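Coordinate inspection notes
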Amino acid sequence: MKIVYCICSTYNPGGMERVLLNKVRYLIEQLHWDITVVTTDQHGREPFYPFPEGVEMIDLAINYSDDNGKPFLKKFFAYIHKRRLHKKRLKALLNQMKPDVVDCFYPGECSFVPGLKDGSKKVMELHQSKLFHHQYNRTGLMGLADKIRAKMDENLVRKFDRFVVLTQEDALMWGKLPNMEVIPNAAYFIAGKHSDCSHKRVIAAGRLDYQKGFDRLIEAWRIVQQTQKYRDWHLDIFGQGEWQEMLEQRIKEYDITDTTSINAPTQKIGNEYANSSLLVMSSNYEGFPMVMIEAMACGLPVVSFDFKCGPRDIIDDGINGLIVPNGDIQALAQAMMHMMHDQALRQEMGHNARKVMERYSEEVVMRKWISLFER
């Protein structure tokens, strides 16, 4: 079978990039399918996660990101031009390749792919939630634009042969769509050993932006440190992004630089999980938090806000982690201290967390994808 995956780029250390790599590797190594990854903004850079031999990587050189800093009108007209170019180049490529399935990561080219008549079936993967456009709670014209985009999405997803969401929670928000399927991301054991939860270290990982909510985590960590009971514990955040300077400044203002660090992304994040005792998820929203299931597979219990979507699907509250009301900074700090205070509890929950591999194993998840493609 010939599959074409469409994604913006593969040079970032993000969850979607890692999910794509894992699926591509399985389909090539286990089934020997013909896989091509098509990008728009690669800029000649190497993928952050190395793809296996046999996968063809094609960049259309649209480079939407080049216009990010331009004034609104220039950015708007540049986008219109590049959108036409994107459609033209992708259409020509698909007509030449004749794939069986074209699988798009939202948003990308999703707005026009269903209309391309190259003979392939079209699949859309949503790695955010249905509430994606509403997360900023914007008002005025921007708030109206968010509502319009959300409504457009409801019409768009119906045009695909299959529309894939990551959680049952998100599926319920979309309603009964005949083409929708729920396929979560797979959990992988990416460390050489499991954590024994004895390290006095809290870990978080992800892009340094609004979505991941690390400002909320730092605020909660300040509360933890103000108690003076956990000065021998350290918070390590791994990531990069536009909020880095702001977050580092806040750490200085809160006078917690000796117990808090922001570190560059690493390809060996599994080793960092294994040398930690607790993962904290402070996100404002997620599609399906890869960091959460990866850390749990390494034996880490989780303290998480009850954001949409993911925690309710993955965490058994009080069994393998703790869930607190979304945005309740004090509750997040209290839950962290509850776990930090009790090593036996961490070890019990960490042992239970490892069972995430049973629910979200690669075999279970990939059987769902293979079934979808073959149907």
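Before reading further, recall that the structure is shown in the block above.
So, here's what we can say about the structure. Being a predicted model, the structure only gives us computed values, none of them experimental.

Parameters at a glance
Residues numbered from 1 in each chain as written. Predicted model: local features only at pLDDT ≥ 70, side-chain atom pairs only at ≥ 80, totals over all residues. Heavy atoms only, no water. Helix = DSSP H or I, 4+ residues; strand = E, 2+ residues; numbered from the N terminus. Buried < 20%, exposed > 50% of the residue type's maximum accessible area, 1.4 Å probe, protein only. Polar contact = N/O pair within 3.5 Å; in protein donor to acceptor, adjacent residues only side chain to side chain. Contact = heavy atoms within 4.5 Å. Axes fitted to C-alpha atoms, helices over the stretch in contact; angles between N-to-C directions. Parallel < 35°, antiparallel > 145°, perpendicular 65-115°, else oblique. Nonpolar A, V, L, I, M, F, W, Y, C, P; charged D, E, K, R; others polar. Phe/Tyr/Trp six-rings, centres within 6.5 Å; stacked < 30°, edge-to-face > 60°. Lys NZ or Arg CZ within 6 Å of the ring centre and 35° of its normal. Expected span 1.5 Å × (residues − 1). Pairing = 2+ DSSP bridges. Salt bridge = Lys/Arg side-chain N within 4 Å of Asp/Glu carboxyl O.

Within the secondary structure, Ser277 sits in the loop between helix H7 (269–274) and strand S11 (278–281). Relative accessible area serves as the criterion here: at 0%, Ser277 is assigned to the buried category. At 3.1 Å, the side chain of Ser277 forms a polar contact with the backbone oxygen of Cys197. In contact with Ser277, other than residues within four places in its own chain, are Ser195, Cys197, Ser198, His199, Arg201, Trp233, Leu300, Pro301 and Arg346.

It is the contact of helix H1 (residues 15–31) with helix H13 (residues 362–374), at a shortest axis distance of 11 Å, that shows an interaxial angle of 80°. Between H1 and H13, the crossing angle belongs to the class labelled roughly perpendicular. For the pair H1 and H13, contact is made by Asn22, Lys23, Tyr26, Leu27 and Leu31 and by Glu362, Glu363, Met366, Trp369, Ile370 and Phe373, respectively. By residue class, the composition of the contact of H1 with H13 is 7 nonpolar, 1 polar and 3 charged.

Turning next to the packing of aromatic side chains. Counted under the stated rule, the structure contains 10 aromatic pairs. Feature note: the residues Trp33, Trp369 and Phe373 constitute an aromatic cluster, connected by ring pairs. Taking the ring centre of Tyr11 as reference, the NZ or CZ of Arg45 above it sits at 3.6 Å. Positioned above the aromatic ring of Tyr254 is the side chain of Arg222, whose terminal nitrogen or guanidinium carbon lies 3.8 Å from the ring centre.

Let's shift gears to helix H10 (residues 329–341). Side chains that are three or four residues apart share a direction in an α-helix, a result of its 3.6 residues per turn. Along its 13 residues, H10 runs 18 Å from first to last C-alpha, staying within 8% of the 18 Å computed at 1.5 Å per residue. Among all positions of H10, only Ile329, Ala331, Leu332, Ala333, Ala335, Met336, Met337, Met339 and Met340 are buried. Packed against the buried residues of H10 are strand S8 (201–205), helix H5 (214–226), S11, strand S12 (302–305), strand S13 (321–324) and helix H11 (343–353).

Below, the discussion takes up the sheet that holds S13. Read from one edge to the other, the open sheet built from 6 strands follows the order S10-S9-S8-S11-S12-S13, with strand pairing classed as parallel. Of all strands in the sheet, those bounded by a partner on one side alone are strand S10 (260–263) and S13. For this sheet, the mean inter-axis angle between neighbouring strands, taken without regard to orientation, is 20°. Bridge count for strand S9 (residues 234–238) against S10 is 4 bridges, and the pairing is parallel. The partner of Ile237 across the bridge, within S10, is Ile262.

Further remarks concern the pairing of strand S4 (residues 101–105). Within S4, 5 of the 5 residues are buried, which leaves it mostly tucked inside the rest of the structure. Burial of S4 is two-sided: the residues Val101, Asp103 and Phe105 facing one way and the residues Val102 and Cys104 facing the other way are all buried. Relative to S4, strand S1 (residues 2–6) is paired through 4 bridges, and the arrangement is parallel. When the sheet's bridge partners are listed, Cys6 is paired in S4 with Cys104. In terms of strand pairing, S4 meets strand S5 (residues 121–125) through 5 bridges, oriented parallel. Residue pairing for S5: Cys104 is matched across the bridge by Met124.

Turning our eyes to something else, we now look at the sheet that holds strand S2 (residues 34–39). Taking strand neighbours across the sheet as the criterion, the 7 strands line up as S3-S2-S1-S4-S5-S6-S7 in an open arrangement whose pairing is parallel. At either margin of the open sheet sits one strand with a lone partner, and together these are strand S3 (56–59) and strand S7 (180–182). Each adjacent strand pair in this sheet contributes to an overall mean axis angle of 20°, direction not counted. As paired strands, S2 and S3 are joined by 4 bridges and run parallel to one another. Residue pairing across strands places Val38 opposite Ile58, the latter belonging to S3.

Here the structure, examined in full by the defined rule, presents 18 salt bridges. Between Arg312 and Asp306 there is a salt bridge, with its nearest N and O atoms 3.3 Å apart. Through salt bridges that share partners, Asp67, Lys70 and Lys82 make up one connected network.

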